[in-house]
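If you want the building blocks of each chain, they are given just below.
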Amino acid sequence: MWGLLKPAKTLAAAQFKPESEGSPLVGNRRLLLGARRAPRLPRLKLALALGASLVAFGAAPAHARMRPAPALPEPAAAPAPAPPPKPSPEGLDQKAFYLEADTVSQDDKTELATAQGHVEVRYQGRTLRADFLSYDKDTQVVTAKGNVVVVNTDGTAEFAKELTLDKDLSAGVALGFSARLRDNIKLASDTLVRRSPDVTELNEAIYTPCDVCAKDGSPKKPTWSIEAKSVVEDKAHHLVYFRKAVIRVLGVPVFYAPMFWTADPESLSQSGLLTPEMQYSNRRGFSFEQPYLWAISPSQDLTISPIVSTKINPFLNLDWRARFNSGEIDARVGYTDEYEFDNQGHRVPGSDTTSRSYILANGAFVLNNQWDWGFSAERASDDLLFDRYDIRGVYDRRGLFETDSRRLLSQIYAVRQDQDSYLSISALDFQGLRVNDVNKAMPVVAPLIEGRYEPEGSILGGRLILIGSAVVLGRDVQVDNPTLPGMDSRRATGEADWRRAITLSDGLRIEPFGSLRGDVYNVTNATTSMAKPTGTPSVTAGRFLPEAGVDLSYPLIKQDGGATIILEPLAEGVVSPRAKANPDIPNEDSADFLFDDTNLFDPNRAPGFDVYDSGARLNLGGRATINWGDGMQARALVGRSFRSSPDLTLPANSGYEGTASNWIFSGSVTPIKGLSIYDRTELDNTSFGLRREEVGVNFMVKFLQGYVRYLHDNSDPANPLHDIEAAGNLYVTRNWGVVFDGTRDLVNDAWARRDVGVFFQNDCARIEIVYHYEAGFAELGGPSNSVQLRLTLATLGQQGYRDEDGR
């Protein structure tokens, strides 16, 4: 969280050569180099980095989930041999120093050596400046006074009115101390006391990474700062202690701790408090979450995030991360003991107080150069647990496979991959969180095997790919009748796919292709939707699917001033035997079809194996591209598909099951830097009525950053989708702005969710106050409203803070 004091560095002694025997060393701006002559004079331990050796008070932030988190350290490699010492920038030996002053003298009686007036000492790239510098041989104490400045090799600097160090530079005092460190960090204290090589203390200290001077040079209050009565670094125990610490925002105290501690920045890992989050909602009342990062070892940590609310019981979140030589694990869990409550925080009638929890975990490991394996574990005790407690990042991808929203996926997999082949073996288990999901009807997939192999060299002038797939699915109960035993199905597929590219001298590109595929299915406990009585012991079916075709394209290129224009007519012809509906083959992986620009020229548009595209078909279209350079361009695609006769095995609403498909349009344009517009449209093949349209704008211009997306989807007449979604930041001034994020349901003319707030951002902080609305679920009793305070402070509980000028 905060990193602190660095030890003083002991510097080598140097000797001065006198001008004459028995007289003091006196010079006018005399330049003296460290040497090993004149043995009768005392050694003068002038430590260049006296200030830097006193302290380097820097920020060492701790980080965790839902805030930028630091990567765990990579496994340590064998240390490289130390390079030979290099001469200093002044050409001196590593143990010599350079001294310059108006007057340099030594008193043989008092054995006191002094340098006065514009004193400057350089040692190993560091520079010390002061008005006065002295060394007492009897006490062996070094003292620097007056405008003491130390400039380190990394550009950081320390300042003091006066400092004193003992003979070993292991103890000392600095008065009027301040420092300018990396990441714009500033530090000041009345006194700095170095009690031993392991313990250093600052008294009446203040720390801030914010600007303390206005543009005209006048002083100003920092946006935020930490003031502490004392700050003590204990290097022996790798800890830093704060006593009577206050965090101030714009000079106003917002947090007080009589005592807390965090890790020494020189330790390999760092523990500490993270940025808290505060929220008020009608569902949980006032909620406060204070995460704490516990660095267990250099390769693992645990984030502990309790949430305390006024209306409901506390909820505890834990996030454990560990890195090993072969991989890493990230496991999130949460727990509470609570009844079910609605959006007003009221107990749901009939619910009992019970343990409620979740787990979201994943791991990935390397076995050798070709084999990897991994897993994910996702489970929740309640369908609405994540909604009630506002748990974020639930549906992120955590393994080889991913599922859609409001469904959890647990998996284990192994993958082998080399230059010519790919093989994956996995097992999957699902949990549905939707209202109508019946989890006992969710399939357990074990195993799922997928493989590809591409032999070296060309086959008949082209490339050949061999594809294999096998899967076993099991259910406890029937999908359409949960009182009956579930259907189990097994499938094995083998396929050979060949393609060749030929470009003629006139630019015509010809790509012939062909494939041979065979499927074998075995089904037990057939569903009532199949043409077998429910409970049929076992049914086996197979099919053979040959396919051949050719892709044709003829790109035409023209230069027009600074623009490059490409027009490309496209055609694809495909022939395969017509599919016949087979009631013994279930449709497990091809229930959802989407016909758009991404699969317009795919020979088989079915998303899975259970359904396939068949018959004689012709895909026609054209593509146009204009490129103005410097990232500015425009693209457009139009096309449709034809087939010799309707394919009754395809879904009735797929958009291409008839003899003529719907029309497909897509386009995008980037007219200026920071602005891009895209459109995807599907029109009915006869009426030209709008079936599906998606239009979006992404912008990152001077005052505005974000996106807008409009969706109108009538592909399912029983469940049309019509909404608009937008999110972004609008900067009103250099530091103040408005943040927005929301989705408007245009079918019901209501907000599905929306966030509206204001923010302040500068060089060292971002403060947001956001109003959040969510329509919610009927089980929660209506919509949810909340107000959230989001505070992000540079170097404090988050990493990589940047002041983005939105203008």
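Residues numbered from 1 in each chain as written. Predicted model: local features only at pLDDT ≥ 70, side-chain atom pairs only at ≥ 80, totals over all residues. Heavy atoms only, no water.

With that settled, the discussion passes to the overall build of the protein chain. Of the regular secondary structure elements, the protein chain holds two helices and 43 strands. Taking all 807 residues of the protein chain together, 43% fall into the buried category. Pairs at least 24 apart in sequence give 50% of the contacts found in the protein chain among residues at least 6 apart. Counting every atom, the protein chain has about 39500 Å² of accessible surface; 57% of that belongs to carbon and sulfur. (Helix = DSSP H or I, 4+ residues; strand = E, 2+ residues; numbered from the N terminus. Buried < 20%, exposed > 50% of the residue type's maximum accessible area, 1.4 Å probe, protein only. Contact = heavy atoms within 4.5 Å. Areas by Shrake-Rupley, 256 points an atom, 1.4 Å probe, with all protein chains shown as cover.)

This part is about the environment of Lys244. Tracing the chain through its elements places Lys244 in strand β12 (residues 239–249). Separated by 15 residues in the primary sequence, Lys244 and Lys229 place their C-alpha atoms 5.4 Å from one another. Excluding anything up to four places from it in sequence, Lys244 contacts Glu227, Ala228, Lys229, Tyr256, Ala257 and Pro258.

Think of it this way: side chains of opposite charge can pair up when their charged atoms draw near. Per the counting criterion, the structure on display carries 48 salt bridges. Here Asp630 makes a salt bridge to Lys673, at a shortest N to O gap of 3.2 Å. Of this pair, Asp630 sits in the loop between β33 (617–629) and β34 (632–643) while Lys673 sits in the loop between β35 (663–672) and β36 (675–683), and the two are 43 residues apart along the sequence. The pair Asp630 / Lys673 is uniform in exposure class, with both members exposed. The residue Arg643 makes a salt bridge to Asp647 at a minimum N-O spacing of 4.0 Å. (Salt bridge = Lys/Arg side-chain N within 4 Å of Asp/Glu carboxyl O.)

By the definition in use, this model includes one disulfide. The disulfide partner of Cys210 is Cys764, and the gap between their sulfur atoms is 1.8 Å. Between Cys210 and Cys764, the S-S torsion sits near 100°, and that sign places the bridge as right-handed. Note that Cys210 is positioned in the loop between β10 (199–208) and β11 (224–234) and Cys764 in the loop between β41 (750–761) and β42 (765–774), a separation of 554 residues in sequence. Exposure class is identical for Cys210 and Cys764. Each is buried. (Disulfide = S-S within 2.5 Å.)

Across the junction of Ala446 and Pro447, the peptide omega takes the value -5°, indicating a cis bond. Within the secondary structure, Pro447 is located in strand β25 (residues 444–453). Positive phi, normally seen in glycine, also occurs at Lys244, with a value near 55°. At Asp630, a residue that is not glycine, the phi angle is positive and equals roughly 60°.

Remark: the centre distance and the inter-plane angle together describe each pair of aromatic rings, the angle taken between the planes. Tallied over the entire structure, the rule returns 14 aromatic pairs. With 6.1 Å between their ring centres and 35° between their planes, Phe324 and Phe365 make a pair best called tilted. Of the two residues, Phe324 sits in the loop between β19 (315–323) and β20 (327–338) while Phe365 sits in strand β21 (residues 354–366), which places them 41 residues apart along the sequence. Here Phe324 falls in the partly exposed class, since its relative accessible area comes to 37%. Here Phe365 falls in the buried class, since its relative accessible area comes to 10%. An aromatic cluster of three or more residues is present, and its members are Phe315, Phe341, Tyr358, Phe386 and Tyr389. Sitting above the plane of the Phe341 ring, Arg388 keeps its charged end 5.7 Å from the centroid. One residue, Arg605, lies across the ring of Tyr656, its end atom 4.9 Å from the ring centre. (Phe/Tyr/Trp six-rings, centres within 6.5 Å; stacked < 30°, edge-to-face > 60°. Lys NZ or Arg CZ within 6 Å of the ring centre and 35° of its normal.)

Moving on: the pairing of strand β15 (residues 277–281). Bridge analysis of β15 against strand β16 (residues 285–289) gives five bridges, and the strand direction is antiparallel. By the bridge assignment for β16, Met278 is matched with Phe288. Where β15 folds back on β16, the antiparallel hairpin that results is connected by three residues. Sheet analysis places β15 next to strand β43 (residues 784–793), joined by four bridges and oriented antiparallel. Bridged to Tyr280 within β43 is Val787. (Pairing = 2+ DSSP bridges.)

Turning next to the confidence of the model for the protein chain. Here the protein chain averages 82 in pLDDT, and 84% of its residues register 70 or above. Helix α1 (residues 50–54) is the least confidently modelled element of the protein chain, averaging 32 in pLDDT, while strand β22 (residues 371–380) averages 97, the highest of any element. Within the model, pLDDT remains below 50 along residues 1–71, and this stretch shows 248 contacts once partners closer than five positions in the same chain are excluded. (pLDDT = per-residue confidence, 0-100.)

Within the secondary structure layout, Ser376 lies in strand β22. By relative accessible area, Ser376 is classed as buried at 4%. Separated by 22 residues in sequence, Ser376 and Arg398 place their C-alpha atoms 6.0 Å apart. Once residues within four sequence positions are removed from consideration, Ser376 is found in contact with Ala361, Asn362, Arg398, Leu409, Ser410 and Gln411.

Our next topic: the side chain of Ser309. Relative to the assigned elements, Ser309 resides in strand β18 (residues 300–309). According to the relative accessible area criterion, Ser309 is buried, its value standing at 11%. A polar side-chain atom of Ser309 sits 2.7 Å from a polar atom in the side chain of Ser287. If sequence neighbours within four positions are ignored, Ser309 has contacts with Arg284, Phe286 and Ser287. (Polar contact = N/O pair within 3.5 Å; in protein donor to acceptor, adjacent residues only side chain to side chain.)

On the surface, Tyr280, Phe286, Val758, Ile769 and Val787 cluster together into a nonpolar patch covering about 450 Å² of accessible area. Examined against the element boundaries, Phe286 turns out to sit in strand β16. A residue is classified by how much of its surface remains accessible, and Phe286, at 38% relative accessible area, is partly exposed. (Patch = residues over 30% accessible without salt bridge, like charges linked within 9 Å, V, L, I, M, F, W, Y side chains within 5 Å.)

So, on to the environment of Asp382. Along the polypeptide, Asp382 turns up in the loop between β22 and α2 (385–388). The sequence separation of Asp382 and Tyr358 amounts to 24 residues, and the corresponding C-alpha distance is 8.5 Å. For Asp382, the residues in contact, after removing those within four places along its chain, are Glu340, Arg356 and Leu433. In terms of polar contacts, Asp382 uses its side chain to reach the side chain of Arg356, at 2.4 Å.

The next thing to look at is the pairing of β43. Taken together, the 10 bridges between β42 and β43 define a ladder with antiparallel strand orientation. For His772, the partnering residue across the bridge sits in β43 and is Ser786.

Moving on to the nonpolar core. Of all hydrophobic cores here, the largest spans 45 residues; its most connected members are Leu133 and Trp224. Ile312, Phe315, Leu360 and Tyr389 belong to the second largest nonpolar core, which has 14 residues in total. (Core = buried A, V, L, I, M, F, W, Y, C linked by side-chain atoms within 4.5 Å.)

When you line up the elements, Thr743 lands in strand β40 (residues 736–745). Residue contacts for Thr743: discarding those within four places in its chain leaves Asp723, Ile724, Glu725, Trp751, Ala752 and Arg753.

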